[in-house]
Amino acid sequence: MSILRHTPWAAGVAAAALLLVPAAASAGQQRVAAPHAAAPAPAAASTTTPAVDSYYAGTEGKTGAALKSALHNIIKNQSKVTYDGVWNALKVTDQDPANPNNVILVYSGRSQSKNTNGGGANDWNREHVWAKSHGDFGTATGPGTDLHHLRPEDVTVNSTRGNKDFDKGGSPVSEAPGSFTDSDSFEPRDAVKGDVARMLLYMAVRYDGGDGFADLELNDKVNNGSAPLMGKISLLKQWNQMDPPDAFEQRRNQVIFDTFQHNRNPFIDHPEWVNSIW
């Protein structure tokens, strides 16, 4: 059940609401994963609450570049989190609905104690889904600390992903069942393919060359290096369709809005906008 579609949220209750979500909503863990090479299913359009609809006022009837520009002007208005502050924020945004003492690791799918964050081999750390070297923004407050693309992940898996673009195939990733990697790309498990796509799509809209940071864009390549580019957009569009937003992803978006940054990822609320822009 979609939390945003059926349940009004009030600012300030998001952290408490985390404890009320059933285990079945857990970060795609209970979702039946599609076969590795399955064809994408059509993306469902979101039915949002009046409060969420009002957030997107001014987007009505827009498509393409006009919609992208309108969304940028909405979501750029945000509070910012420090890089140290990201640790505690992720303990709230990515809390395991079945165990309030744990977080869910994005690629691994593992539920792990919140208190095991750090740099050790079996700790979890802060994964930049839009690799911070792609645009050279590092951990600067802004894109380097934006919770909409920062997720908890096992230190070793995070290192394996590195700054690779996203593509299909490669060898299985140890400690991340269903994920694959090769020399220039990383493929996440099926249950979070859409999550990854929508995080990257958000970044490409939010950061357009203002705020002193690079203009982040998506292309259809790998090996983008330090250019402010991430790929592959054709595959990300497929992943958005085959893995629509689930309750964990929708709740996470709401918690970031209510408690931390006060902006939203529009592609979680409206996954159909992906094809309207790209």
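Before any of the text, the structure's been laid out above.
What you see is a predicted model; the values in this text were computed from it and never measured.

## Structural notes on helix α8 (residues 233-242)
- Of all the residues in α8, the buried ones are Ile233, Leu235, Leu236, Trp239, Asn240 and Met242.
- Considering only its buried residues, α8 is in contact with β6 (165-166), β9 (185-187), α7 (193-206), β10 (217-218) and α11 (273-277).

## A word on unusual backbone geometry
- With an omega of 5 degrees, the peptide bond between Gly231 and Lys232 qualifies as cis.
- Of note, Lys232 is situated in the loop between β11 (229-230) and α8.
- Its identity as a non-glycine residue notwithstanding, Asn223 has a phi of 60 degrees, on the positive side.
- Looking at where Asn223 falls in the secondary structure, it is placed in the loop between β10 and β11.

## Observations regarding the pattern of salt bridges
- Taken as a whole and assessed by the stated rule, the structure comprises 12 salt bridges.
- We note a salt bridge from Asp94 to Arg151, for which the minimum N-O separation is 2.7 Å. A residue pair is termed long-range when its members are at least 10 positions apart, and Asp94 in the loop between α5 (83-93) and β1 (95-96) and Arg151 in strand β5 (residues 150-154) qualify at 57 residues.
- With a relative accessible area of 0%, Asp94 lands in the buried category.
- Relative accessible area serves as the criterion here: at 4%, Arg151 is assigned to the buried category.
- Put simply, Arg110 and Glu175 hold a salt bridge, and the shortest N to O gap is 3.5 Å. Of this pair, Arg110 sits in the loop between β2 (99-104) and β3 (111-113) while Glu175 sits in the loop between β7 (171-172) and β8 (180-181); the two residues are 65 residues apart in sequence, bridging distant segments of the chain.
- By relative accessible area, which is 26% here, Arg110 ends up partly exposed.
- Each of the salt bridges in this network shares a partner with another, and the network as a whole consists of Asp94, Arg151 and Arg252.

Conventions used here
Residues numbered from 1 in each chain as written. Predicted model: local features only at pLDDT ≥ 70, side-chain atom pairs only at ≥ 80, totals over all residues. Heavy atoms only, no water. Buried < 20%, exposed > 50% of the residue type's maximum accessible area, 1.4 Å probe, protein only. Helix = DSSP H or I, 4+ residues; strand = E, 2+ residues; numbered from the N terminus. Contact = heavy atoms within 4.5 Å. Salt bridge = Lys/Arg side-chain N within 4 Å of Asp/Glu carboxyl O.

Fair warning: the whole summary comes from geometry, so function is off the table for now.
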